[in-house]
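Read off the chains here:
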Amino acid sequence: MENIIYLTELDYKRLIDLIQAHRQGNAPAANIGKLGEELKRAKRVPSEEIPANVITMNSRVLLKDLQGGKELEITLVYPKDADINARKISIFAPVGTAILGCKEGDVVEWPVPSGTINYKIEKVTYQPEASGNYNL
């Protein structure tokens, strides 16, 4: 059985709208189907009630590669804000979809050209909702 993921109602609505816009614009993003699957299994909660250790949109997260031990800090963002050099990763990227709604301590895996990588979510170093930013 898959773990439950948590989303704020606002993130859920924005992501559904984003998926629909991409489908109508005939510009299918890689991973859009997977994101849709993740949204279907998500438990939606009001922004004020999301636990502080859950990854929401615009959260900054410390990940640890379980194979090599290397740590990586990324921010999960909407496609328009993605910037690989600033470690701002789009929700449409496989890792973005994989970590959405997960919490500290969870292990996620995602495909890479050489196979799959397993990362442990070490820490949510910034979550907008925990900081009182409910509309970010």
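Read on for an overview of the structure. The numbering scheme is per chain: residues are counted from 1 as the chain's sequence reads. In keeping with the model being predicted, local features are shown solely for residues with a pLDDT of at least 70 and side-chain atom pairs are shown and tallied solely at 80 or more, while totals for entire chains, interfaces and linings include all residues. The basis for every side-chain value is the complete set of heavy atoms in the structure, and neither hydrogens nor water enter the calculation.

A word on the sheet that holds strand β6 (residues 107–112)
Inference 1: The strand order β5-β4-β3-β7-β6 describes an open sheet built from 5 strands, whose pairing is mixed. Each edge of the open sheet is held by one strand with a lone partner, namely β5 (88–90) and β6. Ignoring which end each strand starts from, the neighbouring axes of this sheet average 45° apart.
Inference 2: The pairing criterion for strands is at least two bridges between them, as found by DSSP. Here a strand is any run of E in DSSP of at least two residues, a helix any run of H or I of at least four, and the numbering for each starts at the N terminus. Summarising the sheet, strand β4 (residues 71–77) and β5 pair through 3 bridges and their orientation is parallel. As a rule, the C-alpha atoms of each element are fitted with a line to give its axis, helices using only the stretch in contact, and angles between N-to-C directions run from 0 to 180 degrees.

Considering the environment of I16
Inference 1: Within the fold, I16 resides in helix α1 (residues 9–24).
Inference 2: Overall, I16 belongs to the partly exposed group, its relative accessible area being 26%.
Inference 3: A C-alpha to C-alpha distance of 8.0 Å links I16 and L39, two positions 23 residues apart in sequence. Any residue under 20% of the maximum accessible area for its type is buried, any over 50% is exposed, and the rest in between are partly exposed; the area is computed with a 1.4 Å probe on protein chains only.

Side note on the nonpolar core
Inference 1: With 29 residues, the main nonpolar core has L15, L35, L63, I91, I99, L100 and V108 as its most contacted residues.
Inference 2: Among the secondary structure elements, those contributing two or more residues to this core are β1 (5–8), α1, α2 (32–41), β3 (60–65), β4, α3 (94–99), β6 and β7 (115–126).
Inference 3: Contact criterion: two residues are considered in contact whenever any of their non-hydrogen atoms come within 4.5 Å of each other. Filtering out sequence-adjacent residues up to four positions away, I91 remains in contact with L15, L18, L35, M57, L76, V77, P79, G96, T97 and L100. The definition of a nonpolar core used throughout is a set of buried Ala, Val, Leu, Ile, Met, Phe, Trp, Tyr and Cys residues joined through side-chain atoms within 4.5 Å.

Examining the pattern of salt bridges
Inference 1: By definition here, a salt bridge exists when the distance from a side-chain nitrogen of Lys or Arg to a carboxyl oxygen of Asp or Glu is within 4 Å. Taken as a whole and assessed by the stated rule, the structure comprises 6 salt bridges.
Inference 2: Residue K13 pairs with D17 through a salt bridge whose shortest N-O separation is 2.8 Å. Residue K13 and its partner D17 are located together in helix α1, separated by 4 residues, close to a single helical turn.
Inference 3: Residue classification places K13 among the partly exposed residues on the basis of a relative accessible area of 48%.
Inference 4: Through salt bridges that share partners, K34, E38 and R41 make up one connected network.

Brief notes about the packing of aromatic side chains
Inference 1: To pair, rings of Phe, Tyr and Trp, with the six-membered ring standing in for Trp, must have centres within 6.5 Å; the planes then decide the type, stacked if under 30 degrees apart, edge-to-face if over 60, and tilted in the middle. With the rule as written, the count across this model stands at 0 aromatic pairs.
Inference 2: Positioned above the aromatic ring of Y12 is the side chain of R44, whose terminal nitrogen or guanidinium carbon lies 4.1 Å from the ring centre. The rule is short: NZ of Lys or CZ of Arg within 6 Å of the ring centre and within 35 degrees of the ring normal puts a charge over the ring.

Concerning the packing of α1 against α2
Inference 1: Two elements in contact, α1 and α2, have axes whose closest approach is 11 Å; the angle formed by their N-to-C orientations is 150°. Here α1 lies roughly antiparallel to α2, going by the angle between them. By crossing handedness, the relation of α1 to α2 is classed as left-handed. Taking contact as the criterion, the partners of Y12, L15, I16, I19, H22 and R23 in α1 are, on α2, I32, G33, L35, G36 and L39.
Inference 2: Charged residues are taken to be Asp, Glu, Lys and Arg, nonpolar residues to be Ala, Val, Leu, Ile, Met, Phe, Trp, Tyr, Cys and Pro, and polar residues to be all remaining types, Gly included. Here the contact of α1 with α2 is built from residues that sort into 7 nonpolar, 3 polar and 1 charged. For classification, angles of less than 35 degrees are called roughly parallel, those exceeding 145 degrees roughly antiparallel, those between 65 and 115 degrees roughly perpendicular, and all remaining angles oblique. A clockwise turn of the near helix away from the far one marks a right-handed crossing, whereas an anticlockwise turn of less than a right angle marks a left-handed crossing.

Regarding α2
Inference 1: When we look at burial in α2, the residues that qualify are I32, L35, G36, E38 and L39. Down the axis of α2, the buried side of the element spans an arc of 160°, and every buried residue falls inside it.
Inference 2: Each element contacted by the buried residues of α2 is listed here: β1, α1, β2 (42–45) and α3. Directions drawn from the helix axis to the C-beta atoms are what define this arc.

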